[in-house]
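# Inside the fold
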Amino acid sequence: MTDNPNVLLVTVDDDPNQYERGREAIERLEDGEPLQEPATVRFPNESRLAEVFNERTYALLRTIRDEGPESIRETARLVGRDKKNVHEELTTLEALGVVRFEENGRSKRPVFPYDDLVVTPLADDAGDETRVTS
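Remember, predicted model here, so these are calculated numbers, not experimental data.

About the criteria used
Residues numbered from 1 in each chain as written. Predicted model: local features only at pLDDT ≥ 70, side-chain atom pairs only at ≥ 80, totals over all residues. Heavy atoms only, no water. Buried < 20%, exposed > 50% of the residue type's maximum accessible area, 1.4 Å probe, protein only. Helix = DSSP H or I, 4+ residues; strand = E, 2+ residues; numbered from the N terminus. Arc of directions from axis to C-beta. Contact = heavy atoms within 4.5 Å. Polar contact = N/O pair within 3.5 Å; in protein donor to acceptor, adjacent residues only side chain to side chain. Phe/Tyr/Trp six-rings, centres within 6.5 Å; stacked < 30°, edge-to-face > 60°. pLDDT = per-residue confidence, 0-100. Core = buried A, V, L, I, M, F, W, Y, C linked by side-chain atoms within 4.5 Å. Salt bridge = Lys/Arg side-chain N within 4 Å of Asp/Glu carboxyl O. Patch = residues over 30% accessible without salt bridge, like charges linked within 9 Å, V, L, I, M, F, W, Y side chains within 5 Å. Areas by Shrake-Rupley, 256 points an atom, 1.4 Å probe, with all protein chains shown as cover. Lys, Arg positive; Asp, Glu negative; His and termini not counted. Charge placed at Lys NZ, Arg CZ, Asp CG, Glu CD. Pairing = 2+ DSSP bridges.

## Considering helix H4 (residues 72–79)
What sets the pattern is the α-helix's 3.6 residues per turn: residues three or four places apart point alike. Every buried residue belonging to H4 is among Ile 72, Thr 75 and Ala 76, and all of these are buried. The arc enclosing the buried residues of H4, seen along the axis, measures out at 100°, which places them on a common side. Exposed side of H4, more than 90 degrees from the buried face: Arg 73 and Arg 77 are the residues found there. Elements that come into contact with the buried residues of H4 comprise helix H3 (55–67), helix H5 (83–96), strand S3 (100–104) and strand S4 (107–111). Residue Ser 71 occupies the N-cap position of H4, its side-chain oxygen lying 3.5 Å from the main-chain nitrogen of Arg 73. Directly after H4, the chain includes Gly 80, whose backbone phi takes a positive value near 70°.

## Considering the packing of aromatic side chains
All told, the structure shown has three aromatic pairs when counted by the stated rule. The rings of Phe 43, Phe 53 and Tyr 58 are connected pair by pair, giving a single aromatic cluster.

## Side note on the confidence of the model for the protein
Chain-level pLDDT for the protein is 82 on average; 75% of the residues reach the 70-or-more range. Of all secondary-structure elements in the protein, the lowest mean pLDDT belongs to strand S6 (residues 130–133), at 43, while H4 reaches the highest, 97. Taken together, the stretch residues 125–134 has pLDDT below 50 and engages in 21 contacts with residues farther than four places along the chain or on a different chain.

## What about the nonpolar core?
Ranked by internal contacts, the top residues of the largest apolar core, which has 24 residues, are Val 10, Phe 53, Leu 61, Leu 90, Leu 93, Val 98 and Leu 117. Listing elements by their share of this core, those giving two or more residues are strand S1 (7–12), strand S2 (39–43), helix H2 (46–52), H3, H4, H5 and strand S5 (116–120). Of the residues forming this core, the biggest block, four residues, is contributed by H3.

## Topic: the pattern of salt bridges
Summed over the entire model, instances satisfying the criterion amount to nine salt bridges. Across the pair Glu 70 and Arg 109 runs a salt bridge, and its minimum N-O distance is 3.8 Å. Here Glu 70, found in the loop between H3 and H4, pairs with Arg 109, found in strand S4; they are 39 residues apart in sequence, far enough to count as distant. Given the relative accessible area of 24%, Arg 109 is considered partly exposed. The closest approach of N and O atoms between Arg 100 and Glu 102, which form a salt bridge, is 3.2 Å.

## A few points about the environment of Asn 54
Locating Asn 54 in the fold gives a position in the loop between H2 and H3. A distance of 3.2 Å separates the side chain of Asn 54 from the backbone oxygen of Glu 51, its partner in a polar contact.

## Focus on a negative patch on the surface
Taken together, Glu 27, Glu 30, Asp 31 and Glu 33 make up a surface patch of like negative charges. Tracing the chain through its elements places Glu 33 in the loop between helix H1 (18–30) and S2. Its relative accessible area of 37% is what places Glu 33 among the partly exposed residues.

## Concerning the pairing of S5
In terms of burial, S5 is a largely internal element, five of the five residues being buried. Burial along S5 is two-sided: the residues Asp 116, Val 118 and Thr 120 and Leu 117 and Val 119 are all buried. When S1 meets S5, the two strands line up parallel, connected through five bridges. Considered in S5, the bridge of Leu 9 is made with Val 118.

So this is what it looks like as structure tokens:
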């Protein structure tokens, strides 16, 4: 791992100041200042987070990280699931910025572009944290 690991933070946060924080981050970037904050995916509540991040999701991310499948079809085979179902789940994860796809001929290769994934289902309670690392 590098000195500055590329971390994805997944949390519950209905902070009404998100827009302002985003604007401030853009201004810092425009001024040439580095951002020390991890990439973040925010959910409005624990239920929505649990719909997206569940055992199946973690199995997909571990398989992508550990096996490096060359396509969605190979990913589905490795996790023992239907290709259509895996495609739908990976498409959701791509829309959230959790995975990305690299074109590989006619196939799409799923990539987990982070060194670490930190999930905090209760943003206000730092003691209730689940951590998945690579």
